[in-house]
Amino acid sequence: AILFLVANMAMGQMPGRGPLHGNDGPPKHGMFRFLDLTEEQQDKIAELRLDHLKKIETIKADLHKLDAEFDLLLIADTFDEGKIKSKISEINTVRAKMQLEKARHLAKVRTLLNEKQKVKFDQFILAKDGPGRKGPGKMGGKGMRCRMMPK
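Here is what the cut-offs are and how they apply
Residues numbered from 1 in each chain as written. Predicted model: local features only at pLDDT ≥ 70, side-chain atom pairs only at ≥ 80, totals over all residues. Heavy atoms only, no water. Salt bridge = Lys/Arg side-chain N within 4 Å of Asp/Glu carboxyl O. Helix = DSSP H or I, 4+ residues; strand = E, 2+ residues; numbered from the N terminus. Buried < 20%, exposed > 50% of the residue type's maximum accessible area, 1.4 Å probe, protein only. Contact = heavy atoms within 4.5 Å.

Chemist: Explain the pattern of salt bridges residue by residue, including any values.
Modeler: Summed over the entire model, instances satisfying the criterion amount to nine salt bridges. For E69, the salt bridge goes to K87, with nearest N and O atoms at 2.6 Å. Remark: K87 occurs in helix α3 (residues 81-111) and E69 occurs in helix α2 (residues 39-74); sequence separation between them is 18 residues. Accessibility expressed as a relative area gives 25% for E69, which makes it partly exposed. The salt bridge partner of D122 is R110, with a shortest N-O separation of 2.7 Å. In this pair, D122 sits in helix α4 (residues 115-126) while R110 sits in helix α3, placing the two residues twelve residues apart along the sequence. Since its relative accessible area comes to 30%, R110 is described here as partly exposed. One continuous salt-bridge network, built from bridges that share partners, spans K65, E69, K87 and E90.

Chemist: Let's hear about the environment of L73: which residues, and what values?
Modeler: For L73, the position within the fold is in helix α2. Between the C-alpha atom of L73 and that of K83, which follows or precedes it by ten residues, the distance is 7.6 Å. Among all residues touching L73, those that are not within four sequence positions of it are K83, I84 and K87.

That is the geometry; function is a separate question.
Written as structure tokens, this is what we have:
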């Protein structure tokens, strides 16, 4: 667990790893590259993004803790289906919280756009293989895969 935290902290210090890969500058990733945003829109979206990331990081920390607890239940000497079901329910509740936060953030961003930008924004949201969406996990992620499997 400590190694994971240290690795995450180190990744956060790498260039190009800050909010929107521009640290504190205007949005530069995914759909934002294609929206032709004004400077004012960029600034407002950057503020929204920072607030969003703070909320998401807290939720992610909760999820990592629950995942670790789930893993311990999986390797326990005695299988306790009730505890496992309960932990799965907790994990799903936190994941739903994360999805709701994402939806709130995107709704706030969308209110800042003009009609032409909204069309592009909507197309990006609805696209299965849009710009920046590289794999099963979307947004460049690898999706779910077994942690024990080699790359």
